[in-house]
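Observations on the three-dimensional arrangement
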Amino acid sequence: MSPIIKKIEQAECNLKCRSKKDALKLVSVIVRSGDIESLLYLATTGICNNPGKVTDASGRTPLHIASSVGKLKVVDWLLQFKGAHVNAKDGESGYSALHRAIFHGQLHIAKALVSTYNANLSVQDFDGLTPLGMISINHN
């Protein structure tokens, strides 16, 4: 049996996992690795069986982080195969993945979130700003 298969079989969580520890591991991989490397690691290591919904201590999902750092392949995988919610707000600022992509200048991610995944342009953060409202603030 290959080591990858073993790791998948040894995943400690189930599809309802809400482990902050698992989320921290996933977020760390997304931030520190390239897009393809992140995706391969997330898809094959079995760290967490619920990467689409698990949140870190700040209420950020792997989708929020992948959107912030421009990892389009990870964004696609989380939304298409792992049940991530495109309009979910983080617990830190109320940002959706679209807010975070725009805030961090990841316009290719913002485009995909809107055109492919129908991200809501009207969702408001904790300050009442929409993703489009952030554009005007960031560029004034």
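The sections below set out a description of the structure shown in this document. Everything numeric in this text was worked out from a predicted model, so none of it was measured.

Once that is clear, we can look at unusual backbone geometry. One non-glycine residue with positive phi stands out, namely Asn118, at about 55°. Take Asn118: it is sitting in the loop between helix H7 (107–115) and helix H8 (131–138). For Asn118, a relative accessible area of 60% corresponds to the exposed category.

Right, let's get into helix H4 (residues 62–69). The buried count for H4 comes to 7 of 8 residues, which makes it a mostly enclosed element. When H4 is considered as a whole, its buried residues turn out to be Pro62, Leu63, His64, Ile65, Ala66, Ser67 and Ser68. Gly70 sits one or two residues past H4 and shows a positive phi near 80°.

Our next topic: the packing of helix H2 (residues 20–32) against helix H3 (residues 35–44). Where H2 contacts H3, the two axes come as close as 8 Å, and the packing angle between them is 155°. Classified by the angle between their axes, H2 and H3 sit roughly antiparallel to one another. Of the two elements, H2 crosses H3, and the hand of that crossing is right-handed. On H3, the residues that touch Leu26, Val29 and Ile30 of H2 are Ser38, Tyr41 and Leu42. For the contact of H2 with H3, the class distribution of residues is 5 nonpolar, 1 polar and no charged.

Criteria and cut-off values
Residues numbered from 1 in each chain as written. Predicted model: local features only at pLDDT ≥ 70, side-chain atom pairs only at ≥ 80, totals over all residues. Heavy atoms only, no water. Helix = DSSP H or I, 4+ residues; strand = E, 2+ residues; numbered from the N terminus. Buried < 20%, exposed > 50% of the residue type's maximum accessible area, 1.4 Å probe, protein only. Axes fitted to C-alpha atoms, helices over the stretch in contact; angles between N-to-C directions. Parallel < 35°, antiparallel > 145°, perpendicular 65-115°, else oblique. Left-handed = near helix turned anticlockwise from the far one by under 90°. Contact = heavy atoms within 4.5 Å. Nonpolar A, V, L, I, M, F, W, Y, C, P; charged D, E, K, R; others polar.

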